[in-house]
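Chain by chain, the residues:
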Amino acid sequence: MEGTQAVFELFNSYKNHEPEANFDSFYAWGQLVLKDFDEVDRYMADTDALFANLKDIRDLDDVFALAPEQLSFIKQFWRVLDKDENTDIEKEFIRIWEVLGIVYKEFRANLQKNKAAYEGMAQRIVVDELLAKRLTIPFKRVVLGGFNALSTVEKCLIEHLTAHHNSKIYWDTDAYYMDNKRQEAGHYIRQYHDLWKNNPHHDWACQTNLLSAHKNLRVVGVPLKVGQAKYTGQLLRQIVDKQLFNMVDTAVVLGDESMLFPMLYSLPENIEKINITMGYPLRFTPLYQLLEALVQLHKTSEGASATQPKAKTTYYAKFVVQIVNNPFIKVIAPEAIGKLLYHIERDNKIRMYPDSIVKRFEEYKPQEEGATSIFEDLFEDISDPTRYVSSSMGIISVFEKVLKHLFNHLKETNPNTLLDDANAKINEDEEAALINEAIGEEETTDQETLLFDPENAPQTASAQNTKQKTNEGDEKQEEKTPPIEAEFIYEMLKQLRQLDGILRRYRQLVTLDTFWKLFREVVQGEKLQFTGEPVRGLQIMGFLETRVLDFKNLIILSVNEGNIPVGKPLNPVIPHSLPRAFGLPT
């Protein structure tokens, strides 16, 4: 089960014990609770002991078989709260903690009843079933590789596979991490080596000693992302022209995923083949920025209120400028948009009426009766309660209409049979979503489905100018390749419809703020995948994709603090001393 839907399920279980709770205030906290539940299951913690309340703490010695060190950590934590008078915050924590263990059990039971699970829960169930011999692995041989810091579930699974199956696990390590016990990055791998070094199913032959070989290192400071991409392009041109080294042995590694398109646009013409082994996150696309600006436009709108019941809605001009300046919108009516921007700047506009904006785009209104232009939908007033029961339902409607307008504009400006087929696919998905909503079933759209056949899928941003980089010698195929923007629109529509389906299924009317948090969470992990030559030409990848791969030549971009490594603050609900007691990560 995806994280967003899991939070809704968790809220249903929590509301049984906190009837006054509302989803808007629960959502952020619920994400933290879900993450903690996930880790509790990954590390197979004893949840009865972990969620024991203050009244049970004195019985821990008798009820639970805990090690002295575990009891020490647990009692150390509860001793702070075991006093005659607690602060309001401490009282609130004790009250919530007393129901958290119950919520955990109910939440899991409800998911199992519906044959669903979050990731940690699914992993724990698999291991429990394997250990109880109620589940068998359907493979004759399993080969594992690329692991480092293992959870308890992963350790159990590896031990089961190597003990009962003809399985093999390969460890890719370097002497720098293995031999130096002060090197923190090798802490876990040294533990596993001590534990499994004599096990024939564990292969440690992949150890290297990179410090023993001579290397040429060059550090270049370049400001701005575009500057880094341009410099890398010049460097690659020199490498190819002077034949300094083979492109097959070369990788460009992007520490910042948003660098992908600037890098592709900066590639020199003399690089004939490339392979991209990373996805481009939807959250970095101009389309995502457009939707974000639309949300900000409506969040900052002003209209009727208790003191001014007849006031008309106005929009903050700053966000109007952001919307019409977006590449997806500006290309539709460049001349009219230019005049609007001049009007805003000349008159120093702060707030604007929707009607006054739309009036400037009258020529773009469709001839069909009842049809609206993209500009009417962009600046539609969603605060009207006679049209939308909530602002979140209104913004979903605006998003859907705007995305369809953008897709139709692509069809008109790119005569292409594939876009006609894609339009049919979009309509099929919409019809399926409506049917699922009517019968109360979940959306079943395959997360990996592409709008276009993989053979005709968008290749790279530079494909329009350098055909030989994607589909060599196939002019007809290149003519059929649709613009990559079509894939952005389809993926965004798919995520929007899935979130809309979840909101309708759980009958939640959320605020605009909460809707955007949900939508951002849904889009966060979505990436547009590229196709290319896996074993030919220059390799472009992110840091995650470099695991267990070795290259003779590396060009690494965005080696900045915050990118390498990425800072991820932890805000667990479970207090610090308790994870230490139960072997959870801290």
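Residues numbered from 1 in each chain as written. Predicted model: local features only at pLDDT ≥ 70, side-chain atom pairs only at ≥ 80, totals over all residues. Heavy atoms only, no water.

*Asks:* Got a minute to help me understand the nonpolar core in this structure?
*Replies:* Inside soluble globular proteins, nonpolar side chains tend to come together where they are buried. Leu236, Leu378, Phe379, Phe399, Leu406, Phe515 and Phe519 are the most contacted members of the largest nonpolar core, which totals 121 residues. Setting aside residues up to four positions removed in sequence, Phe519 forms contacts with Leu291, Phe399, Met492, Gln495, Leu496 and Leu499. Core analysis: the next-biggest nonpolar cluster, separate from the first, contains 14 residues, Leu130, Leu150, Ile169 and Met178 among them. (Core = buried A, V, L, I, M, F, W, Y, C linked by side-chain atoms within 4.5 Å. Buried < 20%, exposed > 50% of the residue type's maximum accessible area, 1.4 Å probe, protein only. Contact = heavy atoms within 4.5 Å.)

*Asks:* What is the right way to read the sheet that holds strand S5 (residues 274–276) from this model?
*Replies:* Sheet strands line up and pair through hydrogen bonds in the backbone, either parallel or antiparallel. Taken in spatial order, the 4 strands line up as S5-S10-S4-S11 in an open sheet, and their pairing is parallel. Two strands lie at the open edges of the sheet, namely S5 and strand S11 (553–557), each paired on one side alone. Direction aside, neighbouring strands of the sheet carry axes that sit 20 degrees apart on average. (Pairing = 2+ DSSP bridges. Helix = DSSP H or I, 4+ residues; strand = E, 2+ residues; numbered from the N terminus. Axes fitted to C-alpha atoms, helices over the stretch in contact; angles between N-to-C directions.)

*Asks:* Looking at this model, I keep getting lost on the packing of aromatic side chains. Mind explaining?
*Replies:* We describe a pair of aromatic rings using the distance from one ring centre to the other and the angle between the two ring planes. In the structure shown here, the tally under the stated rule is 36 aromatic pairs. Both rings, one in Trp171 and one in Trp204, keep their centres 5.1 Å apart while their planes meet at 10 degrees; by these two values the pair is stacked. In this pair, Trp171 sits in the loop between strand S2 (168–170) and helix H9 (175–178) while Trp204 sits in the loop between strand S3 (202–203) and helix H11 (225–241), placing the two residues 33 residues apart along the sequence. Both residues of the pair, Trp171 and Trp204, count as buried. (Phe/Tyr/Trp six-rings, centres within 6.5 Å; stacked < 30°, edge-to-face > 60°.)

*Asks:* Can you walk me through helix H23 (residues 512–524) in this structure?
*Replies:* Count 3.6 residues to each turn of an α-helix, and residues three or four apart come out pointing the same way. End to end, H23 covers 18 Å across 13 residues, agreeing with the expected 18 Å (1.5 Å per residue, within 8%). The set of residues buried in H23 consists of Leu512, Thr514, Phe515, Trp516, Leu518, Phe519, Val522 and Val523. Residues of H23 that are buried in the fold lie against helix H1 (3–15), helix H2 (23–42), helix H13 (286–299), helix H19 (391–413) and helix H22 (484–505). (Expected span 1.5 Å × (residues − 1).)

*Asks:* What is the right way to read the pairing of S11 from this model?
*Replies:* Look at any regular strand and the pattern is simple: side chains alternate between the two faces of the sheet. Residue alternation in S11 divides its side chains into a buried set, Asn553, Ile555 and Leu557, and an unburied set, Leu554 and Ile556. When strand S4 (residues 250–254) meets S11, the two strands line up parallel, connected through 5 bridges. What sits directly across from Leu254, in S11, is Leu557.

*Asks:* Is there a simple way to think about the confidence of the model for the chain in this case?
*Replies:* Detail in the predicted coordinates should be disregarded across regions flagged by low pLDDT. Chain-level statistics for the chain give a pLDDT mean of 82 and a share of 80% at 70 or above. In this model residues 58–64 is a low-confidence stretch, pLDDT under 50, and it forms 10 contacts with partners more than four residues away in sequence or in other chains. Low pLDDT, under 50, characterises residues 442–479; the stretch is placed with 83 contacts to residues that sit more than four places away or in other chains. (pLDDT = per-residue confidence, 0-100.)

*Asks:* Looking at this model, I keep getting lost on the side chain of His160. Mind explaining?
*Replies:* Note on placement: His160 falls in helix H8 (residues 152–164). Accessibility expressed as a relative area gives 12% for His160, which makes it buried. Setting aside chain neighbours within four positions, we find His160 in contact with Leu130 and His165.

*Asks:* How do you make sense of the packing of helix H14 (residues 317–325) against helix H16 (residues 334–346) when you look at a structure like this?
*Replies:* In helix packing, the relevant descriptors are the interaxial angle and the interaxial distance, both defined with respect to the helix axes. Across the interface, H14 lies against H16 with an axial gap of 11 Å and an inter-helix angle of 160 degrees. Accordingly, the angle class assigned to the pair H14 and H16 is roughly antiparallel. Relative to H16, the crossing made by H14 is left-handed. Contacts between H14 and H16 involve Ala317, Val320, Val321, Val324 and Asn325 from the first element and Ile337, Leu340, Leu341 and Ile344 from the second. (Parallel < 35°, antiparallel > 145°, perpendicular 65-115°, else oblique. Left-handed = near helix turned anticlockwise from the far one by under 90°.)

*Asks:* Looking at this structure, how should I read the sheet that holds strand S1 (residues 143–145)?
*Replies:* With respect to topology, 3 strands assemble into an open sheet ordered S1-S2-S3, the strand pairing being parallel. Strands with a single pairing partner mark the edges of an open sheet, and in this sheet they are S1 and S3. Here S1 pairs with S2 via 3 bridges, running parallel. For Val143, the partnering residue across the bridge sits in S2 and is Lys168.

*Asks:* Where do I start with the pattern of salt bridges in this structure?
*Replies:* A side chain with one charge can pair with a side chain of the opposite charge if their charged atoms come near. If you walk through the whole model with that rule in mind, you get 23 salt bridges. Its salt-bridge partner being Asp256, residue Lys225 comes within 3.0 Å of it at the nearest N-O pair. Note that Lys225 is positioned in helix H11 and Asp256 in the loop between S4 and helix H12 (260–266), a separation of 31 residues in sequence. A relative accessible area of 40% places Lys225 in the partly exposed class. Asp256 gets classed as buried once you look at its relative accessible area, which sits at 12%. When the shortest N-O distance is used, the salt bridge between Glu335 and Lys339 registers 3.8 Å. Residue Glu335 and its partner Lys339 are located together in helix H16, separated by 4 residues, close to a single helical turn. (Salt bridge = Lys/Arg side-chain N within 4 Å of Asp/Glu carboxyl O.)

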